[in-house]
Amino acid sequence: MTMTEQPAEQAAEETARCAHHDGHGPGPGAEAPESPRERVNRRWNEVLQETRVTQTGVQILFGFLLSVAFTPLFRELGTVDHVIYVITVVLGASATGSLIAPVSIHRFLSGQRMKDEVVEAACRLMMCGMVLLALTIGCTLLLILRFVVPGVLAEVLVGGVMLWFGLCWYVLPLRLRRRAARRSPTDDA
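Keep in mind the model is a prediction, meaning the values are calculated, not measured.

Help me out: how do you make sense of the pattern of salt bridges in this one?
Evaluated as defined, the whole model comprises six salt bridges. Between Glu 34 and Arg 42 there is a salt bridge, and its shortest N-O distance comes to 2.6 Å. We note a salt bridge from Arg 124 to Glu 120, for which the minimum N-O separation is 3.3 Å. Separated by four residues within a single helix, Arg 124 and Glu 120 lie in helix 4 (residues 115-148), roughly one turn from each other. Taking relative accessible area as the criterion, Arg 124 reaches 57% and is therefore assigned exposed. Here Glu 120 falls in the partly exposed class, since its relative accessible area comes to 32%.

As structure tokens, this is what we get:
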């Protein structure tokens, strides 16, 4: 059995425990604690789901970026836009590498009894990949808007979008984490 395979009964039990853990089960105090093995299996399954979502998006975006250089209008872009394009493609390639890396790590280390390390490395690569993906999206938007919108408005719009990404992808999760951390000591009492 590989690291991600589970018997059907174990998967059903884990799903039930995850529902309790994620707040969809009975009220507080009714949760059964996870064993370390159950926790790492749940975390790995979560990483797999997140990877599937982000890989698709980054691959579509990266494919689009690669095709831009072969369009007739690309030659008409100025030096600044060519530099933005190169930076965007490099960021996109880097994001693709980070977001696909968990698959490679899993394949190389499958069966080595290193699931904790694999999950930790995958989580770090996913966070790095999400930052790179946000930057890639921002640069792509900048490149497109500089072509479509006159003046400084393109930079202002991109700044607003990047602020929104920062709030949704980083500030909100960190705020929720802090709130949960403050609540945990009172829940235990």
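Help me understand the packing of aromatic side chains in this model?
Any aromatic ring pair is given by two values, namely how distant the centres are and how the planes are angled relative to each other. For the structure shown, the criterion picks out three aromatic pairs. Judged by centre distance (4.9 Å) and plane angle (65 degrees), the rings of Phe 74 and Tyr 85 are edge-to-face. Here Tyr 85 lies in helix 3 (residues 79-109) and Phe 74 lies in the loop between helix 2 (36-68) and helix 3, a separation of 11 residues in the sequence. On the accessibility criterion, Tyr 85 (8% relative accessible area) is buried. Among the aromatic side chains, those forming a connected cluster through ring pairs are Phe 165, Trp 169 and Tyr 170.

What is the right way to look at the packing of helix 2 against helix 3 in this model?
In helix packing, the relevant descriptors are the interaxial angle and the interaxial distance, both defined with respect to the helix axes. The interhelical angle for the contact between helix 2 and helix 3, taken along N-to-C directions, is 150 degrees, at an axis separation of 9 Å. As the angle between them shows, helix 2 and helix 3 are arranged roughly antiparallel. By crossing handedness, the relation of helix 2 to helix 3 is classed as left-handed. Contact with helix 2, carried on its side by Trp 44, Thr 51, Thr 54, Gln 55, Val 58, Gln 59, Phe 62, Leu 65, Leu 66 and Val 68, involves Tyr 85, Thr 88, Val 89, Gly 92, Ala 93, Ala 95, Thr 96, Leu 99, Ile 100, Pro 102, Val 103 and His 106 of helix 3 and no other residues of that element.

Explain the environment of Thr 96 here, please?
Relative to the helices and strands, Thr 96 resides in helix 3. Apart from residues lying up to four places away in sequence, Thr 96 is in contact with Val 58 and Phe 62. A polar side-chain atom of Thr 96 sits 2.8 Å from the main-chain carbonyl oxygen of Gly 92.

Sorry if this is basic, but what is going on with the environment of Phe 165 here?
Structurally, the position occupied by Phe 165 is in helix 5 (residues 153-188). Sequence-wise, Phe 165 and Ala 134 are 31 residues apart; in three dimensions their C-alpha atoms are separated by 7.0 Å. In this structure, Phe 165 is in contact with Ala 134, Ile 137 and Tyr 170, ignoring residues within four places of it in sequence.

Can you walk me through unusual backbone geometry in this structure?
Working note: non-glycine residues mostly have negative phi, and peptide bonds are mostly trans. The backbone of Arg 113 shows a phi angle near 55 degrees, a positive value even though the residue is not glycine. Within the element layout of this structure, Arg 113 appears in the loop between helix 3 and helix 4.

What's the story with the packing of helix 3 against helix 4 in this structure? I'm lost.
For the pair helix 3 and helix 4, the least separation of the axes is 8 Å and the interaxial angle reads 160 degrees. Taken together, the axes of helix 3 and helix 4 are roughly antiparallel relative to one another. For helix 3 against helix 4, the interelement crossing comes out left-handed. The residue makeup of the contact of helix 3 with helix 4, split by class, is 24 nonpolar, eight polar and two charged.

Just checking my understanding: could you explain the environment of Leu 142 for this structure?
Of note, Leu 142 is situated in helix 4. Discounting chain neighbours no more than four positions away, the residues touching Leu 142 are Ile 84, Glu 155 and Val 158.

Quick notes on the rules
Residues numbered from 1 in each chain as written. Predicted model: local features only at pLDDT ≥ 70, side-chain atom pairs only at ≥ 80, totals over all residues. Heavy atoms only, no water. Salt bridge = Lys/Arg side-chain N within 4 Å of Asp/Glu carboxyl O. Helix = DSSP H or I, 4+ residues; strand = E, 2+ residues; numbered from the N terminus. Buried < 20%, exposed > 50% of the residue type's maximum accessible area, 1.4 Å probe, protein only. Phe/Tyr/Trp six-rings, centres within 6.5 Å; stacked < 30°, edge-to-face > 60°. Axes fitted to C-alpha atoms, helices over the stretch in contact; angles between N-to-C directions. Parallel < 35°, antiparallel > 145°, perpendicular 65-115°, else oblique. Left-handed = near helix turned anticlockwise from the far one by under 90°. Contact = heavy atoms within 4.5 Å. Polar contact = N/O pair within 3.5 Å; in protein donor to acceptor, adjacent residues only side chain to side chain. Nonpolar A, V, L, I, M, F, W, Y, C, P; charged D, E, K, R; others polar.

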